[in-house]
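Structure at a glance
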Amino acid sequence: MTQLATRSDVTLPSRRANPFATCWTRPGALPFMDCDQVNQTELLSRFAEVGCGQILGPHGSGKTTLLKSIGRQLAREGVNVVQWDLESGEPASLARLTCQQNVLFIDGYELLSLAAKIRLRLSGMRWIATTHRRLGAPLLATVTPSLGLAQELFAILTNRISTEVQLPALTASYHCHDGNLREVWFDLYDLHERLSRRG
Amino acid sequence: MSQQDTAVATQKHIVVSEPELQLDRTPAFYEPGDAVRAELLLPGSIAGSLRSIELSLVWFTVGKGDEDLYVSQFQRHQISPAKGKPGVSPWLLEANLPASPLSYNGRAVKVCWAVRARLFDKSGKVSLIEQPLRLGEVAQAPVVESDQQVSGTSGGHA
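**Some points on the overall build of chain B**
- In terms of helices and strands, chain B carries two helices and nine strands.
- Listing every helix and strand of chain B by position from the N terminus yields α-β-β-β-α-β-β-β-β-β-β.
- Taken over 158 residues, chain B has a buried fraction of 42%.
- Within chain B, residue pairs in contact and separated by at least 24 positions form 63% of the contacts whose partners lie at least 6 positions apart.
- Put simply, chain B shows about 8500 Å² of open surface, and 51% of that area lies on carbon and sulfur atoms.

In structure tokens:
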């Protein structure tokens, strides 16, 4: 969905009050930017060969963002992407989903029960999962956001909505949180709130 | 035609370069129970390509965590050739604002009210326009100087 520009009075509580609010930084709100480590075209080619795989990375590294991005690409190719929402429980029947046109996306493989993992492996279904550690499945991508990437995303956010938060704050937070971008955006959100409320 | 009539007639044929939601108050400050009136204006280049339009009055939360959204009033309009006339917008949303929740400019979470328009064009593309408004007058959360500073980010300057 395209978000068009709106006339916005900054004294009104609105989405435009803070460029680091969740609505702007959550997985899928920012684009996944290919880099030396991750190329989405190559990832999808590898997936087409092996039929399943994992996207590996620490917390806040962009795994879910990458998953959503390749999900959109697969959908454009006519593939039915089924999101396995682990908070809602496991799909009623994997057998019903097993179809060449379906790909199962699992965000957080470690949250699956042992029984679910076994059922998944035995189903023959195509799947992609995000993980924090290596599994016995093909590795499609390892996501580790660089400071340069964080700076590019910072530019996207701050070009959209002005802020007094500067790049040194981003750099300090990036190093403080070892590249966990989720925590970085939380830090910058708080800083923007503090700076914008100064007398 | 009187000068006033001319002004009214001119206002009804506002030409816009991009979709715009106009509220009936500037600034957009309202109290519980007030009526709010919003008009969607569309440029001719877009009006003809639309299949349907949704207008809604919503409140939602913005902040660091999960977001909530509640639709207070909703309208859906299918576009007919007559309604696609550029510069003249028949798309109006009129509603009475409830008693709560009041708009709140908090630090961790903000409660926001807005009129929203979703435009569905014939190719399937969906566009969103949002025009915020304030309900009530709750003082914004102040700065608390004793809050822990982000490491190395005091003031955020080089």
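From this point, the narrative continues.
**What about the nonpolar core?**
- Formed by 28 residues in total, the largest nonpolar core has its most connected members in B:Leu40, B:Ile53, B:Leu57 and B:Leu133.
- Breaking this core down by element, the ones donating at least two residues are strand S1 (20-23), strand S3 (35-41), strand S4 (50-63), strand S6 (92-96), strand S8 (109-121) and strand S9 (126-135) of chain B.
- For B:Leu133, the residues in contact, after removing those within four places along its chain, are A:Leu12, B:Leu23, B:Ala28, B:Tyr30, B:Val36, B:Leu57, B:Leu97, B:Ser103, B:Trp113, B:Ala114 and B:Val115.
- With 27 residues, the next largest nonpolar core counts A:Leu153, A:Leu181, A:Trp185 and A:Tyr189 among its residues.

**Things to note about the confidence of the model for chain B**
Residue and element names in this part refer to chain B.
- Here chain B shows a mean pLDDT of 80. Residues at 70 or above account for 75%.
- When pLDDT is averaged over each helix and strand of chain B, the minimum, 38, is found for helix H1 (residues 3-11) and the maximum, 96, for strand S2 (residues 29-30).
- A low-confidence stretch, residues 1-12 stays under pLDDT 50, and its non-local contacts, those more than four residues away or across chains, total three contacts.
- With pLDDT under 50 throughout, residues 148-158 is counted as low confidence; its partners more than four residues away or in other chains account for 19 contacts.

**Let's talk about the packing of helix H2 (residues 40-50) of chain A against helix H3 (residues 63-76) of chain A**
Residue and element names in this part refer to chain A.
- Between H2 and H3, the shortest axis-to-axis distance is 11 Å and the interhelical angle comes to 70°. Taken together, the axis directions place H2 and H3 in an arrangement best described as roughly perpendicular. Of the two elements, H2 crosses H3, and the hand of that crossing is right-handed. Between H2 and H3, the residues in contact are Gln-40, Leu-43 and Leu-44 and Leu-66, Ser-69, Ile-70, Gln-73 and Leu-74, respectively.
- For the contact of H2 with H3, the per-class residue count stands at five nonpolar, three polar and no charged.

**Side note on the confidence of the model for chain A**
Residues and elements named next belong to chain A.
- Put simply, chain A has an average pLDDT of 86, and 85% of its residues get 70 or more.
- Per-element confidence in chain A ranges from a low mean pLDDT of 45 for strand S1 (residues 2-3) to a high of 97 for helix H7 (residues 167-176).
- Low pLDDT, under 50, characterises residues 1-10; the stretch is placed with 26 contacts to residues that sit more than four places away or in other chains.

About the thresholds
Residues numbered from 1 in each chain as written. Chains lettered and ligands numbered in written order. Predicted model: local features only at pLDDT ≥ 70, side-chain atom pairs only at ≥ 80, totals over all residues. Heavy atoms only, no water. Helix = DSSP H or I, 4+ residues; strand = E, 2+ residues; numbered from the N terminus. Buried < 20%, exposed > 50% of the residue type's maximum accessible area, 1.4 Å probe, protein only. Contact = heavy atoms within 4.5 Å. Areas by Shrake-Rupley, 256 points an atom, 1.4 Å probe, with all protein chains shown as cover. Core = buried A, V, L, I, M, F, W, Y, C linked by side-chain atoms within 4.5 Å. pLDDT = per-residue confidence, 0-100. Axes fitted to C-alpha atoms, helices over the stretch in contact; angles between N-to-C directions. Parallel < 35°, antiparallel > 145°, perpendicular 65-115°, else oblique. Left-handed = near helix turned anticlockwise from the far one by under 90°. Nonpolar A, V, L, I, M, F, W, Y, C, P; charged D, E, K, R; others polar.

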